[in-house]
Amino acid sequence: MMTNHAFMDDWLALDNLQLKIKKELESALQKECSLSIKEFYVLYHLSKAPEKKLRLQKLQELIGLSQSALSRLVGNMEANSCGALQKHVCTDDRRGTYTQLTALGEDKLHRGLPCFHEVIQHNMSQIDPERMIKQLLEKL
């Protein structure tokens, strides 16, 4: 089997760029509002949901974490020491649990958004993402 090394090199360059940007985002979010990138994503998805609440199962799909990892993350964000989220039991299915964005969580999200935007904008100004993806697709 022949290996297309140019395709793999381009793919890995794109993957490394994404990792670099995620590390910068993680650092900036931690500094600005004491959030990890996953915590920021939780707040973001909840902010867009009706009544700013979601079932944990739906949030798990959106964030891409295992059930136990998401439960720990949400539990920490619901804890009194953080207070960004509030737990609710589903009234029609007691097995279901919702988590809802609190005012403190909304504040953290709003402090993190400009920071997130700045890191993305800075990194994207350094490259031509459309050209990079086009080159990758041409090598398929």
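Above this text sits the structure in question.
This structure is a prediction, so every number in the text was calculated from the model and none was measured. Within each chain, residue numbers correspond to sequence positions counted from 1 in written order. Whole-chain, interface and lining totals are the exception, using all residues; otherwise, since this is a predicted model, local features are given only for residues with pLDDT of at least 70 and side-chain atom pairs are given and counted only at 80 or more. In computing side-chain properties, one takes all heavy atoms of the structure into account and sets aside hydrogens as well as water.

Draft legend 1. Focus on the pairing of strand β3 (residues 97-101). As paired elements, strand β1 (residues 53-55) and β3 share three bridges and run antiparallel to each other. Within β3, the position partnered with L54 by the bridge is T99. Both strand β2 (residues 85-89) and β3 contribute to a ladder of five bridges, which runs antiparallel. Its bridge partner being in β3, K87 is matched across the sheet by T99. Whether two strands pair depends on DSSP finding at least two bridges between them. Helix and strand labels come from DSSP, where a helix needs a run of H or I of at least four residues and a strand needs a run of E of at least two; each type is numbered from the N terminus.

Draft legend 2. Local environment of the pattern of salt bridges. Any Lys or Arg side-chain nitrogen located within 4 Å of an Asp or Glu carboxyl oxygen qualifies as a salt bridge. What the rule picks out here adds up to five salt bridges. The partner of E106 in a salt bridge is K52, with the nearest N and O atoms 2.4 Å apart. In this pair, E106 sits in helix α5 (residues 103-125) while K52 sits in the loop between α2 (37-48) and β1, placing the two residues 54 residues apart along the sequence.

Draft legend 3. Region of the structure containing the nonpolar core. Side-chain atoms within 4.5 Å are what join buried Ala, Val, Leu, Ile, Met, Phe, Trp, Tyr and Cys residues into a set we call a nonpolar core. Burial classes: relative accessible area under 20% of the type maximum marks a residue as buried, over 50% as exposed, and values in between as partly exposed (1.4 Å probe, protein chains only). Among the nonpolar cores identified, the biggest contains 28 residues, and L29, V42, L43, L59, L70, M77 and L85 are the most heavily contacted of them. Excluding anything up to four places from it in sequence, M77 contacts E39, V42, L43, C82, G83, A84 and L85. A contact between two residues is defined here by any heavy atoms of the two lying within 4.5 Å.

Draft legend 4. Seen up close, helix α1 (residues 5-33). For a helix, the expected span equals 1.5 Å multiplied by the number of residues minus one. Taking 1.5 Å of rise per residue, the 29 residues of α1 would be expected to cover 42 Å, and the 41 Å separating its terminal C-alpha atoms lies within 8% of that figure. Listed in full, the buried residues belonging to α1 are F7, L17, I21, L25, A28, L29 and C33. Following α1 by one or two positions, S34 adopts a phi angle in the positive range, close to 55 degrees.

Draft legend 5. Molecular detail of the packing of aromatic side chains. Here a pair means two rings of Phe, Tyr or Trp (six-membered ring of Trp) with centres within 6.5 Å. Their orientation is stacked below 30 degrees between planes, edge-to-face above 60, and tilted elsewhere. Under the criterion given, the structure shown has two aromatic pairs. Plain terms: the ring middles of Y41 and F116 are 6.4 Å apart, the flat faces sit at 70 degrees to each other, and that makes the pair edge-to-face. Taken together, the residues Y41 in helix α2 and F116 in helix α5 connect sequence positions 75 residues apart.

Draft legend 6. A look at the packing of α2 against helix α3 (residues 56-63). Only the stretch in contact is used when fitting a helix axis, every axis being a line fitted to C-alpha atoms; angles between N-to-C directions are given from 0 to 180 degrees. Viewed as axis vectors pointing N to C, α2 and α3 meet at an angle of 125 degrees, and their least axial separation amounts to 10 Å. Taken together, the axes of α2 and α3 are oblique relative to one another. In this structure, the crossing between α2 and α3 has a hand that is right-handed. The residues of α3 that touch α2, namely those facing K38, Y41, V42 and H45, are L59, L62 and I63. Note on residue categories: nonpolar means Ala, Val, Leu, Ile, Met, Phe, Trp, Tyr, Cys or Pro, charged means Asp, Glu, Lys or Arg, and polar means any other residue, Gly included. Here the residues of the contact of α2 with α3 sort into five nonpolar, one polar and one charged. Here roughly perpendicular refers to angles of 65 to 115 degrees, roughly parallel to angles under 35, roughly antiparallel to angles over 145, and oblique to all remaining angles. Put simply, a crossing is left-handed when the front helix is turned counterclockwise from the back one by less than a right angle, and right-handed when it is turned clockwise.

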